[in-house]
Amino acid sequence: MKDFFKHPIVAGTITAFITLAITTPIVAYTRSISFSKSLKAIWDWIVETLTFGIPLWIILLIIVIILTARRIFRSSPESKPEFLNYTNDVIEGIKWEWSFYTYGGKYDFNANTPIPICKNCNGYLVLDYDDYHNLKLRCENCTYKKQLSEWEFSDYQNKIKREIMRRIRTNSWKKESI
């Protein structure tokens, strides 16, 4: 329902009706008296409506204080979840590195992450196809190789993502992280 009122056509229509409801009586009243008297009458009505027996400067001061406090609270840094510091781990004998991004208050992995890293020399592991559907990860710097059980690297990467999310949900990453 909130999105309904944010739609430009709905918001414009509601604004038009509110403006019409406010301006019609004012225009009708001001046409019956001179322009200067109508401006004074409108100003007196606004001041009388807003003050309720309180001086106008106090009301304006309260508004300024509220807006300033609101700006300060909005600009203060929000506390981020602790798991955002969890950016690498060893899973199935391979060191993995990843990062998160935020969208709409939710978190997800950045594109093409997690990335496989060699445990021995910290080099990147690259895909290596030995035979038909025999997928391996191979280090370009040392002799490390890892046979993968999946046929596609994206399937294996999704499996690792699910394991990372499981560790985050169970808080076991705090004990197992590097």
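If you're wondering where the values come from, they're calculated on a predicted model, not measured in any experiment.

A. Region of the structure containing the sheet that holds strand E1 (residues 88-91). A sheet is described by the order of its strands in space; here three strands give the open sequence E1-E2-E5, paired in antiparallel fashion. Taken across any chain shown, the strands that pair with only one partner, and hence form the sheet edges, are E1 and strand E5 (115-117). With direction set aside, neighbouring strand axes in the sheet form an average angle of 35°. Here three bridges tie strand E2 (residues 94-97) to E5, and the two strands are oriented antiparallel to one another. Residue pairing across strands places Glu97 opposite Ile115, the latter belonging to E5.

B. Looking closely at the nonpolar core. Ranked by internal contacts, the top residues of the largest apolar core, which has 21 residues, are Trp96, Tyr156 and Ile164. Elements with a contribution of two residues or more to this core: E2, strand E7 (135-139) and helix H5 (153-170). The leading source of residues in this core is H5, at five residues. Those residues within four positions of Ile164 in sequence are excluded, and the remaining contacts are Tyr86, Ile91, Trp98, Phe109 and Pro114.

C. Highlighting the pattern of salt bridges. Tallied over the full model, the rule gives six salt bridges. Between Arg167 and Asp89 there is a salt bridge; the shortest N-O distance is 2.8 Å. With a gap of 78 residues between them, Arg167 in helix H5 and Asp89 in strand E1 connect regions that are remote in the sequence. Where Glu97 meets Lys95, a salt bridge forms, and the shortest distance between an N and an O atom there is 3.8 Å. On the basis of relative accessibility, which here comes to 31%, the residue Glu97 falls in the partly exposed class.

D. Examining unusual backbone geometry more closely. With an omega of 5°, the peptide bond between Thr113 and Pro114 qualifies as cis. You can see Pro114 is positioned in the loop between strand E4 (106-109) and E5. Unusually for a residue other than glycine, Asn122 sits at a positive phi of about 65°.

E. The arrangement of a nonpolar patch on the surface in detail. Taken together, the side chains of Phe4, Phe5, Ile14, Ile18, Ile22 and Ile26 make up a nonpolar region of the molecular surface, amounting to roughly 540 Å² of accessible area. Counting only elements with at least two residues in the nonpolar patch, the list comes to helix H1 (2-6) and helix H2 (8-31). If you tally residues by element for the nonpolar patch, the top one is H2, at four residues. Mapped onto the elements of the fold, Ile22 is located in helix H2.

F. The side chain of Asp89, seen in detail. Classification of Asp89 by relative accessible area gives buried; the value is 1%. A polar side-chain atom of Asp89 sits 2.6 Å from a polar atom in the side chain of Tyr86. Side chain to side chain, Asp89 and Arg167 meet in a polar contact 2.8 Å long.

G. The arrangement of the sheet that holds strand E6 (residues 125-129) in detail. With antiparallel pairing, three strands are arranged side by side in an open sheet as E6-E7-E8. Only two strands of the sheet have a single neighbouring strand rather than two, namely E6 and strand E8 (145-147). Put simply, the sheet's adjacent strands are angled 30° from each other on average, direction ignored. Here E6 runs beside E7; their pairing, made up of five bridges, is antiparallel. Residue pairing across strands places Asp128 opposite Lys136, the latter belonging to E7.

H. Expanded view of the packing of aromatic side chains. In this structure the tally under the stated criterion is five aromatic pairs. When the centroid spacing of 5.0 Å and the interplanar angle of 80° are considered together, the rings of Tyr86 and Trp98 count as edge-to-face. You can see Tyr86 sitting in the loop between helix H4 (56-75) and E1 and its partner Trp98 sitting in the loop between E2 and strand E3 (100-103), a full twelve residues away along the chain. Trp98 matches Tyr86 in its accessibility class, with the two residues each being buried.

Calculation criteria
Residues numbered from 1 in each chain as written. Predicted model: local features only at pLDDT ≥ 70, side-chain atom pairs only at ≥ 80, totals over all residues. Heavy atoms only, no water. Pairing = 2+ DSSP bridges. Helix = DSSP H or I, 4+ residues; strand = E, 2+ residues; numbered from the N terminus. Axes fitted to C-alpha atoms, helices over the stretch in contact; angles between N-to-C directions. Core = buried A, V, L, I, M, F, W, Y, C linked by side-chain atoms within 4.5 Å. Buried < 20%, exposed > 50% of the residue type's maximum accessible area, 1.4 Å probe, protein only. Contact = heavy atoms within 4.5 Å. Salt bridge = Lys/Arg side-chain N within 4 Å of Asp/Glu carboxyl O. Patch = residues over 30% accessible without salt bridge, like charges linked within 9 Å, V, L, I, M, F, W, Y side chains within 5 Å. Areas by Shrake-Rupley, 256 points an atom, 1.4 Å probe, with all protein chains shown as cover. Polar contact = N/O pair within 3.5 Å; in protein donor to acceptor, adjacent residues only side chain to side chain. Phe/Tyr/Trp six-rings, centres within 6.5 Å; stacked < 30°, edge-to-face > 60°.

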